[in-house]
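Structure assessment
Listed below, chain by chain, are the residues.
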Amino acid sequence: MDLNRVYHRLNTGSKKWSQYPEDVLPMWVADMDFPVAEPIMQALKTRLEHPLLGYSTAQQSLRQTLVAHLAERYGWSIQPQDLVFLPGVEPGVNMALNALLPAGSGVVVQTPNYAPLLAAPAHWNLPRIDLPFQAHANGEYATDIVALQQALPKARALLLSNPHNPLGKVFEPEELRAIGQACVQHDVLIISDEIHADILFDGRRHTPIASLSPEIAARSVTLMSASKAWNIAGMKCAFAIVPNAELRQRFNAGRLGLVDSVNALGLEATQAAYSQGAPWLAEVMAYLQDNRDYLADAVKRRFPGVRMNLPQSTYLAWLDCSALGLADPQRFFLDEARVALSAGLEFGEACGQFVRLNFGCPRPMLEEALARMERSLSKRG
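Here goes a summary of the coordinates provided.

The subject of this paragraph is the sheet that holds strand β11 (residues 307-308). Within the open sheet, the 4 strands sit side by side as β11-β12-β15-β14. Their pairing is antiparallel. Of all strands in the sheet, those bounded by a partner on one side alone are β11 and β14 (342-343). Pairing analysis gives 5 bridges linking strand β12 (residues 316-320) to strand β15 (residues 354-358), with the strands arranged antiparallel. Looking at β15, one finds that aspartate 320 is bridged to phenylalanine 354.

The following block contains the structure:
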């Protein structure tokens, strides 16, 4: 597989490539520019040999594949019936908030955070309680457990991004255990977005928070998908793991005619990803780690006004542009470099001097973006 090959995606209906004019290089939304694994493409072709595409439901074989994946990859033992299939993680977050929380319940969210998680509580008139990360001098971000303990009595749910978007943070088991135990102590639901669980660098291993104890699992809704790791977001297939049967019944009832079933091809793609996609993922992960290191070196050498802490996970870099003296870094790079990044303000009110850059792309595309950004800054004098 030639991961250096640049595929032209204009006129394919791609959200990433349709958002801006054709001369803009899109480095924003979490969508990789790599071809999908051949086993997934073959599974889709095989399914399309059958002429009918009616309503579909997850088969027991897919449930067993996911049970096996969670056990092998994370050491997490679940039952097939714990799985609830959804068209996306974001609908699952909103289903959980609406179905499982009393009216007016507070929701704790660590900041900065993925924009849909920040926005979700307001959809249901639930007050959001922001819990800022504490940045350490070594470039890591720690959960302030004391502050969490103080916030949880005013809340009924914690929205967790694990691994974290946009910081690229991997939560260590002991940190997750402290978070989970605090939620148990205060009778707080944990809604954990773990969509980037398979994209960890430097030999790290993901820990699902619900895997740490039966007590934590009993109050957890964990949301996962093959969409990010295997680059199949357009297939619209995700799943929730809800071990607590009573909670699962209430969660499923939260569809309310708004959250539909998963499409037939999404189920086929997910089955192929988790059962046959490991070699492809290993190759892509090695490439992503090289891209991450290349980007980090470029930022250090070529962008003295930009700071980047090395992401431990995801293919998203969180760039601090404070020292550049720009009123709006995202707008500057869009207008002057013709590079589209995600604006920091999407991830929190205090993040106006940050941008998020997607390095999940062929190296030539990454270098082109960096060269454009470098030239735009040099023109300022």
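So, next bit.
A complete count under the given rule lists 10 aromatic pairs for this structure. Measuring from centroid to centroid gives 6.0 Å for tyrosine 20 and tryptophan 28, while their planes differ by 90°, and the two rings are edge-to-face. Its relative accessible area of 12% is what places tryptophan 28 among the buried residues. Members of the aromatic cluster, connected to one another through ring pairs, are Phe85, Trp230, Phe239 and Tyr274. Lysine 169 extends its terminal NZ or CZ atom over the ring of phenylalanine 171, reaching a point 4.6 Å from the ring centre. A cation sits over an aromatic face here: arginine 380 above phenylalanine 332, 5.7 Å from the ring centre.

Note the cis peptide between threonine 111 and proline 112, where omega equals 0°. With respect to the helices and strands, the residue proline 112 is situated in the loop between β3 (107-111) and α5 (115-123). Looking along the chain, the bond that leaves asparagine 165 and enters proline 166 is cis, with omega of 25°. With respect to the secondary-structure elements, proline 166 resides in the loop between β7 (157-161) and α7 (173-185). Despite not being glycine, asparagine 231 has its phi angle at roughly 60°, a positive value. In this structure, asparagine 231 sits in the loop between β9 (220-224) and β10 (238-241). Its relative accessible area of 11% is what places asparagine 231 among the buried residues. Positive phi outside glycine occurs at threonine 314, with the angle close to 65°. Relative to the helices and strands, threonine 314 resides in the loop between β11 and β12. On the basis of relative accessible area, threonine 314 is assigned to the buried category, the value being 0%.

Before going further, it helps to spend a moment on the side chain of serine 220. Take serine 220: it is sitting in strand β9. Within the structure, the side chain of serine 220 is placed 2.6 Å from the backbone oxygen of isoleucine 216, a separation counted as a polar contact. Sequence-distant contacts of serine 220, defined by excluding residues within four places in its chain, comprise Leu189, Ile190, Ala210, Ile241, Val242, Pro243 and Leu247.

The nonpolar side chains of soluble globular proteins are, as a tendency, buried together. Residues Met27 and Trp230 are the most contacted members of the largest nonpolar core, which totals 74 residues. Of the residues forming this core, the biggest block, 9 residues, is contributed by helix α11 (residues 278-302). In contact with methionine 27, other than residues within four places in its own chain, are Val339, Ala340, Leu341, Arg356, Leu357, Asn358, Cys361, Met365, Leu366 and Ala369. In terms of nonpolar packing, the next biggest core, distinct from the first, is built from 28 residues, Leu86, Leu101, Ala157 and Val221 among them.

Cut-offs used in this document
Residues numbered from 1 in each chain as written. Predicted model: local features only at pLDDT ≥ 70, side-chain atom pairs only at ≥ 80, totals over all residues. Heavy atoms only, no water. Pairing = 2+ DSSP bridges. Helix = DSSP H or I, 4+ residues; strand = E, 2+ residues; numbered from the N terminus. Phe/Tyr/Trp six-rings, centres within 6.5 Å; stacked < 30°, edge-to-face > 60°. Buried < 20%, exposed > 50% of the residue type's maximum accessible area, 1.4 Å probe, protein only. Lys NZ or Arg CZ within 6 Å of the ring centre and 35° of its normal. Polar contact = N/O pair within 3.5 Å; in protein donor to acceptor, adjacent residues only side chain to side chain. Contact = heavy atoms within 4.5 Å. Core = buried A, V, L, I, M, F, W, Y, C linked by side-chain atoms within 4.5 Å.

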